[in-house]
Amino acid sequence: MIHAVEIREGTNRVRMLESEGCGLCKILSSTKAFLISANMRNDEMRCEVILPSRQTLRKLSSALKSYKGFRIISIVKRGRMLTERQEEVLLTAVRMGYFDFPRRIRTRELADMLGMSQASLTEILRRAVKKLVMEYYRDLMDGK
C-alpha cells in the first residue's frame, strides 16, 4: 500500500510513503470506500470517507466495530450531483477516450455517437465537469 502524506516544506507539499498498510486502509480498500481525510489528535482519529452505498456503510461499520472507541459521528447523504444526461455524456466521453492524451475520439465523433451537436456536447461536458470540480473544491470555495 502507498500512503500519500502532506508535508509542507517550502514548495514540496506531498510525499509518498510505502508501507504494509494500516488496518484502516485495508478495511477501506476492501469495502471500496474512498478516504477523503484522516486527522489524528491525541489518541483519536477522525476520518471522512465516501461510500458507494448503504450496504457498504453497514459492511464498514461491522468491520470497524472491533476497534475500541469506534463510532459514526455523522452521515451526510448527498443527492445526485449530475443530471442523467450529464452522467451519460460524461461517462461515454471517459470510456471512449475523450479525456485521454492524446484523445482517442474527437468532439465531432463523440457528438455524432451521442446524436447531438458539438455545441450541445461541449456545453453538457463543461457543466458536468464544473459541478464535479466545484464539489471537489467545496471547502476552498466556502473560504475554509
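Thresholds applied
- Residues numbered from 1 in each chain as written.
- Predicted model: local features only at pLDDT ≥ 70, side-chain atom pairs only at ≥ 80, totals over all residues.
- Heavy atoms only, no water.
- Helix = DSSP H or I, 4+ residues; strand = E, 2+ residues; numbered from the N terminus.
- Contact = heavy atoms within 4.5 Å.
- Areas by Shrake-Rupley, 256 points an atom, 1.4 Å probe, with all protein chains shown as cover.
- Expected span 1.5 Å × (residues − 1).
- Buried < 20%, exposed > 50% of the residue type's maximum accessible area, 1.4 Å probe, protein only.
- Arc of directions from axis to C-beta.
- Phe/Tyr/Trp six-rings, centres within 6.5 Å; stacked < 30°, edge-to-face > 60°.
- Lys NZ or Arg CZ within 6 Å of the ring centre and 35° of its normal.
- 1 Å grid on protein atoms, 1.4 Å probe; cavity = no way out; pocket = protein on both sides within 12 Å on 5 of 7 lines; lining within 4 Å.
- Points joined across faces, edges and corners; volume = space filled by probe spheres on them.
- Nonpolar A, V, L, I, M, F, W, Y, C, P; charged D, E, K, R; others polar.
- Domains from an automatic or database assignment.

Visitor: Could you clarify how one ought to interpret the overall build of the protein in this entry?
Guide: Within the protein, the regular secondary structure consists of six helices and four strands. Secondary structure of the protein in N-to-C order comes out as β-β-α-β-β-α-α-α-α-α. Pairs at least 24 apart in sequence give 34% of the contacts found in the protein among residues at least 6 apart. Surface summary for the protein: the accessible area is close to 11800 Å², and the carbon and sulfur share equals 53%.

Visitor: What exactly am I supposed to notice about helix H5 (residues 118-136) here?
Guide: Since the α-helix advances by 3.6 residues per turn, residues separated by three or four positions end up pointing in the same direction. Between its terminal C-alpha atoms H5 stretches 27 Å, which fits the 27 Å expected from 19 residues at 1.5 Å a residue. By the burial criterion, the buried members of H5 are Leu121, Ile124, Leu125 and Ala128. The buried residues of H5 occupy an angular sector of 95 degrees when projected down its axis, which confines them to one face. Seen from the open side of H5, the exposed residues pointing more than 90 degrees away from its buried face are Ala119, Arg126, Arg127 and Lys130. The elements touched by buried residues of H5 are helix H3 (84-96) and helix H4 (107-114).

Visitor: Looking at this model, I keep getting lost on the packing of aromatic side chains. Mind explaining?
Guide: Given two aromatic rings, their pairing is described by the distance between the two centres and the angle made by the two planes. If you walk through the whole model with that rule in mind, you get one aromatic pair. On the basis of an interplanar angle of 85 degrees and a centroid distance of 5.2 Å, the ring pair of Tyr98 and Phe99 is categorised as edge-to-face. Accessibility expressed as a relative area gives 37% for Phe99, which makes it partly exposed. Over the aromatic face of Tyr98 sits the side chain of Arg103, whose NZ or CZ is 4.0 Å from the ring centroid.

Visitor: I keep staring at the layout of surface pockets and nothing clicks. Help me out?
Guide: Remark: the empty space left among the atoms is shown by a probe the size of a water molecule rolled over them. In this structure, the largest pocket occupies an estimated 2400 Å³ of space. Elements represented by at least two residues in the lining of the largest pocket include exactly helix H1 (23-30), strand S3 (34-41), strand S4 (44-50), helix H2 (54-64), H5 and helix H6 (138-141). Partitioned by chemical class, the residues of the lining of the largest pocket number 26 nonpolar, seven polar and 14 charged. When we break the lining of the largest pocket down by domain, the ones giving at least three residues each are domain 1 (22-66) and domain 2 (84-137).

Visitor: Sorry, what's going on with the environment of Phe70 here?
Guide: For Phe70, the location among the structural elements is in the loop between H2 and H3. Residues Phe70 and Glu44, spaced 26 residues apart in sequence, show a C-alpha to C-alpha distance of 9.6 Å. Not counting chain neighbours up to four residues away, the residues in contact with Phe70 comprise Ser61, Leu64 and Lys65.

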